[in-house]
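# Report on the structure
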Amino acid sequence: MTAPAAPRGLVVAGAGVVVTGAGSGIGAALATRFAADGARVVVNDVDAAAARAVAARIGGYACAGDAADPAAVAALVGFARDRLGAVDLFCANAGVVPTGGADAPDEAWQRAWRVNVMAHVLAARELLPHWLAAGRGRLLVTASAAGLLTLLGKAPYSVTKHAALAFAEWLRASYAHRGITVQALCPQGVRTPMLAAADGTSAALLDATAVSCEQVADCVSAALADDRFLVLPHPEVAAWYARRAADPDRWLRAMNRTQRDLERRGSAGPEPHRSA
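Structure report, in brief. (Residues numbered from 1 in each chain as written. Predicted model: local features only at pLDDT ≥ 70, side-chain atom pairs only at ≥ 80, totals over all residues. Heavy atoms only, no water.)

### A closer look at the overall build of the protein
Quick reminder of the rule: Where helices and strands are cited, they refer to DSSP runs of H or I of at least four residues and of E of at least two residues respectively, numbered from the N terminus. When a residue's accessible area, from a 1.4 Å probe over protein chains only, is under 20% of the maximum for its type it is buried; when over 50% it is exposed; and in between it is partly exposed. Working rule for contacts: check all heavy atoms of both residues, and any pair within 4.5 Å makes them a contact.
On a plain count of helices and strands, the protein comes out with eleven helices and seven strands. When burial is assessed residue by residue, the protein has 52% of its 276 residues classed as buried. Within the protein, residue pairs in contact and separated by at least 24 positions form 66% of the contacts whose partners lie at least 6 positions apart.

Here's what the structure looks like:
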């Protein structure tokens, strides 16, 4: 059996990079950072005007489209190869944050599944044949700390972010020895339009530790140099994740206490990391 290749890191200068959901927030910050570091960047967003604005600002290429639509993803990858020659790094960053629990409407579950999970699957389907033939390629999946821990009050989001992380993990385990590097970006609170539009409790709980989109981009830049799987802009999430794995029952009791506290205060919002 061939041993996995040693971590190599990515030289961003001159690399061909695609970022989905790059019209604002984390995606725009990633695209901006990569361009500043010398990459050639394709900016994708479902909002065509936003994609064009970011691309114009950073000297990149705009390609509007739905990252969860198979035809649009095929068109995006083809567009990127035409403009860049090769896609060295694909940042599957588009995501949605539907609210609700088990009673969330079917549309919310379906939309979360399409954007938060299937968008990554569709990208991998398009990219892997070329990457495997070349013996190299890199996929950055934007998941969430909710995919490592959980997020009370937002079942469709939490569940699909767990699935996104699981798919990234599966890809890494399956293809690392063939030159494919897969990394999972798992931030907690980030000052994005999504956080600003969240329910008041979510925003209040996450605001105290929220980081800027630029700080997330800095963290990603560092992670590209050493190939770590989990990219954690909030380092404390690693300790909470280890605690959860070491004693799941204790973790769940603590989470349930948080839920009861929120209900007593008349709030359905989450606290993602209360310890026992």
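### Let's talk about a positive patch on the surface
Selection criterion: Candidate patch residues must exceed 30% relative accessible area and have no salt bridge, after which like charges are joined if within 9 Å and Val, Leu, Ile, Met, Phe, Trp or Tyr side chains if within 5 Å. Method for areas: the Shrake-Rupley scheme with a 1.4 Å probe, in which residue coverage is limited to the protein chains shown. Only one rule defines a salt bridge in this text: a Lys or Arg side-chain nitrogen within 4 Å of an Asp or Glu carboxyl oxygen. We score Asp and Glu as negative and Lys and Arg as positive, and we do not count His or the chain ends. To locate a charge, take NZ of a lysine, CZ of an arginine, CG of an aspartate or CD of a glutamate.
A contiguous patch of positive charge on the surface is contributed by Arg-243, Arg-250, Arg-253, Arg-257 and Arg-260. Top element by residues in the positive patch is helix H11 (residues 248-264). It accounts for four residues. Mapped onto the elements of the fold, Arg-260 is located in helix H11. Classification of Arg-260 by relative accessible area gives partly exposed; the value is 40%.

### What about the sheet that holds strand S5 (residues 137-142)?
The criterion, for reference: For two strands to be treated as a pair, DSSP must find at least two bridges joining them. Note on method: axes are straight lines fitted to C-alpha atoms, helices fitted across the in-contact stretch only, with angles between N-to-C directions ranging 0 to 180 degrees.
One open sheet accounts for seven strands, arranged S3-S2-S1-S4-S5-S6-S7; its pairing is parallel. A single partner strand is all that each edge strand has here, and the edge strands are strand S3 (61-64) and strand S7 (230-231). Where strand S4 (residues 89-92) lies against S5, four bridges are found, and the strand directions are parallel. In the strand pairing of S5, Phe-90 is matched with Leu-139. Of the strands in this sheet, strand S2 (40-45) and S3 are in contact with helix H2 (residues 48-58), which crosses S2 at around 160 degrees. Running at roughly 170 degrees to S5, helix H4 (residues 106-134) makes contact with S4, S5 and strand S6 (180-185) of the sheet.

### Observations regarding the packing of helix H3 (residues 70-84) against H4
Describing two packed helices takes the angle between their axes plus the distance from one axis to the other. For the record, the criterion: Crossings are classed by handedness, with left-handed meaning an anticlockwise turn of the near helix from the far one by less than a right angle and right-handed meaning a clockwise turn.
Between H3 and H4, the shortest axis-to-axis distance is 9 Å and the interhelical angle comes to 40 degrees. Here H3 runs over H4; the crossing is right-handed. Of H4, the residues touching H3 (which contributes Pro-70, Val-73, Ala-74, Val-77 and Arg-81) are Leu-122, Ala-123, Glu-126, Leu-127 and His-130.

### Brief notes about the packing of aromatic side chains
Put simply, the test is: Here a Phe, Tyr or Trp ring, Trp counted by its six-membered ring, pairs with any other such ring whose centre lies within 6.5 Å, and the pair is stacked when the planes are under 30 degrees apart, edge-to-face when over 60, and tilted otherwise.
On inspection of all chains with the given rule, the structure shows two aromatic pairs. Here Phe-167 and Trp-170 contribute two aromatic rings whose centre-to-centre distance is 6.4 Å and whose plane-to-plane angle is 10 degrees, an arrangement assigned as stacked. Here Phe-167 pairs with Trp-170, and both are found in helix H6 (residues 155-175), just three residues apart, close to one helical turn. Between the aromatic rings of Trp-170 and Tyr-175, the centroid separation amounts to 6.0 Å while the plane-to-plane angle is 80 degrees, which identifies the pairing as edge-to-face. Here the aromatic residues Phe-167, Trp-170 and Tyr-175 are joined through ring pairs into a cluster of three or more.

### A few points about the packing of helix H1 (residues 25-36) against helix H9 (residues 213-226)
Counted only if it meets this: Comment on the angle field: the value is read as roughly parallel under 35 degrees, roughly antiparallel over 145, roughly perpendicular from 65 to 115, and oblique elsewhere. Here the nonpolar group is Ala, Val, Leu, Ile, Met, Phe, Trp, Tyr, Cys and Pro; Asp, Glu, Lys and Arg are the charged ones; every other residue, Gly included, is treated as polar.
Running from amino to carboxyl end, H1 crosses H9 at an angle of 55 degrees, the nearest separation of the two axes being 8 Å. Between H1 and H9, the interaxial angle falls into the category oblique. As for the relative orientation of H1 and H9, their crossing is right-handed in sense. Touching Gly-25, Ile-26, Ala-29, Leu-30, Arg-33 and Phe-34 of H1 are Cys-213, Glu-214, Val-216, Ala-217, Asp-218, Val-220, Ser-221 and Leu-224, all from H9. Each residue belonging to the contact of H1 with H9 can be placed in one class, and the counts come to nine nonpolar, two polar and three charged.

### Quick look at the pattern of salt bridges
Going through the model one piece at a time under the given rule, you end up with seven salt bridges. Of the charged contacts in the structure, one is a salt bridge between Arg-136 and Asp-88, with a shortest N-O distance of 2.6 Å. With Arg-136 in the loop between H4 and S5 and Asp-88 in the loop between H3 and S4, the pair connects residues that are 48 residues apart, well separated along the chain. On the basis of relative accessible area, Arg-136 is assigned to the partly exposed category, the value being 46%. By relative accessible area, which is 13% here, Asp-88 ends up buried. We note a salt bridge from Asp-261 to Arg-264, for which the minimum N-O separation is 2.2 Å. Here Asp-261 pairs with Arg-264, and both are found in helix H11, just three residues apart, close to one helical turn. Here the salt bridges share partners, and the residues they tie into one network are Arg-33, Asp-37 and Asp-218.

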